[in-house]
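In case you want the letters, here they are:
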Amino acid sequence: MTVYTLPELPYDYAALEPHISGKIMELHHDKHHKTYVDGANTALEALEAARESADFGSITKLEKDLAFHLGGHTNHTVFWNNLSPDGGGEPDGELSAALSEFFGDFEKFKSHFSQTATTIQGSGWSVLAWDSVGERLNVFQLFDQQGNVPVGTHPILMLDMWEHAFYLDYLNVKADYVKAFWQIVNWQDAAARLADARTKTAGLI
Ligand code: MN
């Protein structure tokens, strides 16, 4: 049973240079992301076996494994598409209006998101998400691959702050990695995610 599969990158490994090296992109996609995909499938298989045998002795481990690995798969799938060799600049249209509505203006959002990224304790992500209950944008620190983000939120923009995402290029200087991110962020992808989240979630929760 293979439920989850590793998606192709939407660009070449080296396409984001000099901001993110081809070496990091190759390792990050082919090794790290693939491990999450495999881990999610393995957890699903083990849960199916548990149901068949009515042996739920490992249920807490398996549920944690599923959340961690599926989180990793989902996060990286969003992240690859949040980046583009033609990215950078500032958003326009509905996304720009929404950032101003919920964060004051674009620069305030950018500062908030950057600080959220560089101050994560341990491994995690900076996340801009649509909250389907309050029908608003919020910024979260996501711990590891799955912690600290409420259900009912839809990812719009995600920045991987695990050391594997930047250490080969930036060593410990997280702020420079975040500055580079703003040069390759794909606002068109973020805008499409926001439009989709608003359509799917309106009034559902
Ligand atoms: Mn990663």
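Owing to the predicted nature of the structure, the values given are computational and were not obtained by experimental measurement. (Residues numbered from 1 in each chain as written. Predicted model: local features only at pLDDT ≥ 70, side-chain atom pairs only at ≥ 80, totals over all residues. Heavy atoms only, no water.)

Engineer: I keep staring at the sheet that holds strand β2 (residues 136–143) and nothing clicks. Help me out?
Structural biologist: Pairing between the strands of a sheet is mediated by backbone hydrogen bonds and can be parallel or antiparallel. Spatially, three strands are ordered β2-β1-β3 in an open sheet, and the strand pairing comes out antiparallel. The strands lining the two open edges of the sheet, one partner per strand, are β2 and β3 (153–160). Each neighbouring strand pair of the sheet contributes to a mean axis angle of 25°, computed without reference to strand direction. (Pairing = 2+ DSSP bridges. Helix = DSSP H or I, 4+ residues; strand = E, 2+ residues; numbered from the N terminus. Axes fitted to C-alpha atoms, helices over the stretch in contact; angles between N-to-C directions.)

Engineer: Teacher, can you tell me more about the coordination of the manganese ion here?
Structural biologist: For a metal bound by four donors in a tetrahedral arrangement, the ideal donor-metal-donor angle is 109.5 degrees, while six donors in an octahedral arrangement ideally sit at 90 or 180 degrees. Protein-derived ligands of the manganese ion are H28 (NE2), H76 (NE2), D160 (OD) and H164 (NE2), with the metal-ligand distances lying across 1.9 to 2.1 Å. All donor residues of the manganese ion come from one chain, and their arrangement in sequence is H-x47-H-x83-D-x3-H. Residue H76 is found in helix α2 (residues 59–82), and its partner H164 is found in the loop between β3 and α5 (167–170); the two are separated by 88 residues along the sequence. You'll find H76 and H164 in the same group, each marked buried. (Donors = N, O, S within 2.8 Å, 3.2 Å for Na, K, Ca; no water. Buried < 20%, exposed > 50% of the residue type's maximum accessible area, 1.4 Å probe, protein only.)

Engineer: Even after reading the chapter, I still don't get the pairing of β3, so can you show me in this structure?
Structural biologist: The two faces of a sheet get side chains in turn, since along a regular strand they alternate between them. Of all eight residues in β3, six are buried, a share of seventy percent or more. Summarising the sheet, strand β1 (residues 124–131) and β3 pair through seven bridges and their orientation is antiparallel. Looking across to β3, one finds that S126 is bridged to L159.

Engineer: Help me understand the packing of helix α3 (residues 93–103) against helix α4 (residues 106–118), please; the structure alone is not making it clear to me.
Structural biologist: Each pair of packed helices can be described by the angle between their axes along with the distance between the axes. Here α3 crosses α4 at 75°, and the two axes come no closer than 8 Å. Taken together, the axes of α3 and α4 are roughly perpendicular relative to one another. In this structure, α3 contributes L99, S100 and F103 to the contact, and α4 contributes F106, K108, F109 and H112. Considered class by class, the residues forming the contact of α3 with α4 number four nonpolar, two polar and one charged. (Parallel < 35°, antiparallel > 145°, perpendicular 65-115°, else oblique. Contact = heavy atoms within 4.5 Å. Nonpolar A, V, L, I, M, F, W, Y, C, P; charged D, E, K, R; others polar.)

Engineer: Before we go on, may I ask you to explain helix α1 (residues 22–53) in this structure?
Structural biologist: The periodicity of an α-helix, 3.6 residues per turn, causes residues three or four positions apart to be oriented the same way. For α1, spanning 32 residues, the distance from its first C-alpha to its last is 45 Å, which sits close to the expected 46 Å at 1.5 Å a residue. Its axis deflected by about 30° at H28, α1 carries its strongest bend there. Just past α1, the residue A54 takes up positive phi, approximately 55°. (Expected span 1.5 Å × (residues − 1). Bend = angle between axes of the 7 residues up to and from the residue.)

Engineer: Teacher, can you tell me more about the layout of surface pockets here?
Structural biologist: Sizing a probe to match a water molecule and rolling it over the atoms shows the empty space that remains. Of the voids in this model, the largest pocket is the one considered here, and its volume is about 360 Å³. Put simply, the parts of the chain that give the lining of the largest pocket at least two residues each are α2 and β3. The element contributing the most residues to the lining of the largest pocket is α2, with five residues. Among the residues making up the lining of the largest pocket, the classes are represented as nine nonpolar, seven polar and no charged. The two domains that each donate at least three residues to the lining of the largest pocket are domain 1 (21–82) and domain 2 (93–201). (1 Å grid on protein atoms, 1.4 Å probe; cavity = no way out; pocket = protein on both sides within 12 Å on 5 of 7 lines; lining within 4 Å. Points joined across faces, edges and corners; volume = space filled by probe spheres on them. Domains from an automatic or database assignment.)

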